[in-house]
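# Notes for the structure review
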Amino acid sequence: MTSTAWRPSYSSITMAKQNTIEDVYIAVMGVTGAGKSSFIATSSGQPVKVGHDLVSCTTDVEDVAFMYNDRLRIHLLDTPGFDDTNKSDVEVLQNISLWLANSLKNGIKLKGIIFLHRISDRRLAGSARRNLGMFKKLCGARAFQSIILATTMWSNVDPAEGAERERQLKDNPEFWGTMCKRGSTVMRYHNSQTSAYGIIDYILSQNPDPVVLEIQDEIVNRGMAVDQTSAAEALNAEIVRERKRHQEELAEMKRQMEEAFKQRDKELQEDFQEEINALQAKIEKGVAEQGKLAQSLEEVQRRKQAEFEAFKVQIQREREETRRRHEHDLAQQRRTADEQTNALKREYEVRFTALAQDRAALDDVKRNYEEAMDRQLRENEAKQREIEAAKDMQYQQLQAQLEQREVSVRGALFGVATAVVSKVIGTRPARQRLRWHGLPRAY
Ligand SMILES: Nc1nc2c(ncn2[C@@H]2O[C@H](COP(=O)(O)OP(=O)(O)O)[C@@H](O)[C@H]2O)c(=O)[nH]1
Ligand SMILES: [Mg+2]
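Residues numbered from 1 in each chain as written. Chains lettered and ligands numbered in written order. Predicted model: local features only at pLDDT ≥ 70, side-chain atom pairs only at ≥ 80, totals over all residues.

## What to know about the site of ligand 1
Neighbouring residues of ligand 1: 14 residues in total, closest G35, K36, S37, S38 and N191. Partitioning the shell around ligand 1 into residue classes produces three nonpolar, 10 polar and one charged. (Near = placed C-beta within 6 Å. Nonpolar A, V, L, I, M, F, W, Y, C, P; charged D, E, K, R; others polar.)

Below is the structure:
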């Protein structure tokens, strides 16, 4: 909840002690859509809360705290307006009273109140008037000097027109006139942190003492029940006024219904009946609201506690439901992922099998090829060997023939030579002489 937003030290603030953090409480009020949550978000630098929030559910007043400077912690209190679509004005009053009474009992006092108003609104609508009336009663005249009446949405209005509306608000005692006379300050909020800090600075500089609102004084100091407070009385008077108006409308409606009955106009009768039912429901609701208003703060506290417990149970149920849904989704995702993985596995197994078969076929082809090559090689070698053997054989035969021929030639030559020699020399000694006298050595 606490954030640190750097701010220069504000010299005029009286600090309790050096080095201690002082908590300052400022309530932010106004109709729904006046800009309360945005103002608080811009000031604190924290995002606006939406949806379920346990704290705001129990109290309906949300405390947003942030460090304004090194010694000052500002608490901006976001309050529900008296025009909440989900809560009756009685409930809103009770919730605010409960928070204000409890905080005062715990020693928490407000330094100031910022009341936001849309300057872009052409006129003060019924809900805005009622809201302003309740606000004045809640604060009481003695707190008026601690109120800042801040106008928002200046970007949505012509400046001159806005200034004129601002003047009318200040002048009219029914609107802000009385408050201004009694010390309330009118300021403009320009939807920026600087502008918000300008308003907060002003509050810090103006009121050294914190303020006790009328309703806090009535409940805590004077021990009054909520329904006895000025704000509750104003609200009660408003409910009575409304009821009176509804009853008058109801009487008129019934009179017209009788007319329609006389004229036997069925369609008109049905229309009037619807209107009558709606008016009766409003009157009954008013009576119930008055009954609720009579509840003591302790009863309100108990009711809110019960609401809180119911809310906690609901949150728990929602969490449980979310967790179950999450787990279911997770299981579903896991199943889908598993199925996808298995499908992929199957697909690849088919591919692997096909590949393995292809490879086996390839191995077959390879083996056949190698065997064929081997066979071929062996055949070639065998053929080579045959050729060589044949060649050898042929050679040997040739060699043999050659040798034979040589022998026969040599024999023939020798025969011829012998014949010649014997013819020439005639004797063996002659042959020996021939050798001595250098006849061919081969002989
Ligand atoms: N133009 C403009 N818009 C704003 C200003 N303040 C609030 N808004 C817008 O008015 C709408 C109602 O404001 P919100 O803070 O929720 O009002 P709440 O109901 O009082 O809390 C939101 O859309 C805001 O963004 C402002 O000063 N100027
Ligand atoms: Mg809001």
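## Looking at the pairing of strand β6 (residues 147–152)
Burial analysis of β6 places six of its six residues in the buried class, which makes it a mostly covered element. Both faces of β6 are covered, namely the face carrying I147, L149 and T151 and the face carrying I148, A150 and T152. The pairing of β6 with strand β7 (residues 185–188) spans four bridges and is parallel. Paired with A150 across the strands is M187, a residue of β7. (Buried ≥ 20, exposed ≤ 12 C-beta atoms within 10 Å, placed from the backbone. Helix = DSSP H or I, 4+ residues; strand = E, 2+ residues; numbered from the N terminus. Pairing = 2+ DSSP bridges.)

## Some remarks on the UniProt feature "coiled-coil region" (unreviewed entry) in the chain
Sites flagged by UniProt as "coiled-coil region" (unreviewed entry) map to residues 232–289 and 355–393. The annotated region residues 355–393 carries 100% helix and 0% strand content, and the separation between its end C-alpha atoms amounts to 55 Å. (UniProt positions renumbered as here; feature names shortened; annotations may be inferred.)

## With respect to the confidence of the model for the chain
Averaged over all residues, the pLDDT of the chain is 85; the fraction at 70 or higher stands at 87%. Averaged pLDDT values over the elements of the chain bottom out at 38 in strand β1 (residues 3–4) and peak at 98 in β7. Predicted confidence for residues 1–17 stays below pLDDT 50, and this span has 32 contacts to residues more than four positions away or in other chains. Contacts of residues 50–58 to residues separated by more than four positions or lying in other chains number eight contacts, the stretch itself having pLDDT below 50. (pLDDT = per-residue confidence, 0-100. Contact = placed C-beta atoms within 7 Å.)

## Things to note about unusual backbone geometry
Positioned with a positive phi, M153 is a non-glycine residue whose angle comes to about 65°. With respect to the helices and strands, M153 occurs in the loop between β6 and α5 (159–171). Taking the C-beta count within 10 Å as the criterion, M153 has 19 such neighbours and is therefore assigned partly exposed. At R264, a position not held by glycine, the phi torsion is positive, near 55°. Following the sequence through the fold, R264 ends up in the loop between α9 (230–262) and α10 (266–293).

## Some words on the packing of α5 against helix α6 (residues 173–181)
At a minimum axis distance of 4 Å, the contact between α5 and α6 shows a crossing angle of 65°. One element, α5, and the other, α6, form an angle in the roughly perpendicular class. Packed against α5, whose contacting residues are L169, K170 and D171, the element α6 presents F175, W176, G177 and C180 at the interface. Of the residues that constitute the contact of α5 with α6, the class distribution is four nonpolar, one polar and two charged. (Axes fitted to C-alpha atoms, helices over the stretch in contact; angles between N-to-C directions. Parallel < 35°, antiparallel > 145°, perpendicular 65-115°, else oblique.)

## Comments concerning the nonpolar core
Of all hydrophobic cores here, the largest spans 63 residues; its most connected members are I26, V28, I113, I114, F115 and I147. No other element matches the nine residues that helix α3 (residues 89–105) contributes to this core. Among all residues touching F115, those that are not within four sequence positions of it are M29, G30, F135, I147, L149 and A150. (Core = buried A, V, L, I, M, F, W, Y, C linked by C-beta atoms within 7 Å.)

## A look at helix α1 (residues 36–44)
Taken residue by residue, α1 has K36, F39, I40, S43 and S44 as its buried positions. Seen along its axis, α1 keeps its buried residues to an arc of 115°; they face one direction. G45 lies just past α1 and shows a positive phi near 75°. (Arc of directions from axis to C-beta.)

## Focus: the pairing of strand β5 (residues 110–118)
Of all nine residues in β5, eight are buried, a share of seventy percent or more. Here strand β2 (residues 22–29) runs beside β5; their pairing, made up of five bridges, is parallel. Within β5, the residue paired with V28 across the bridge is I114. Assessed by its sense of winding, the connection that carries the chain from β5 through helix α4 (residues 126–139) to β6 is right-handed. (Right-handed = clockwise from strand over helix to strand, strands pointing away.)

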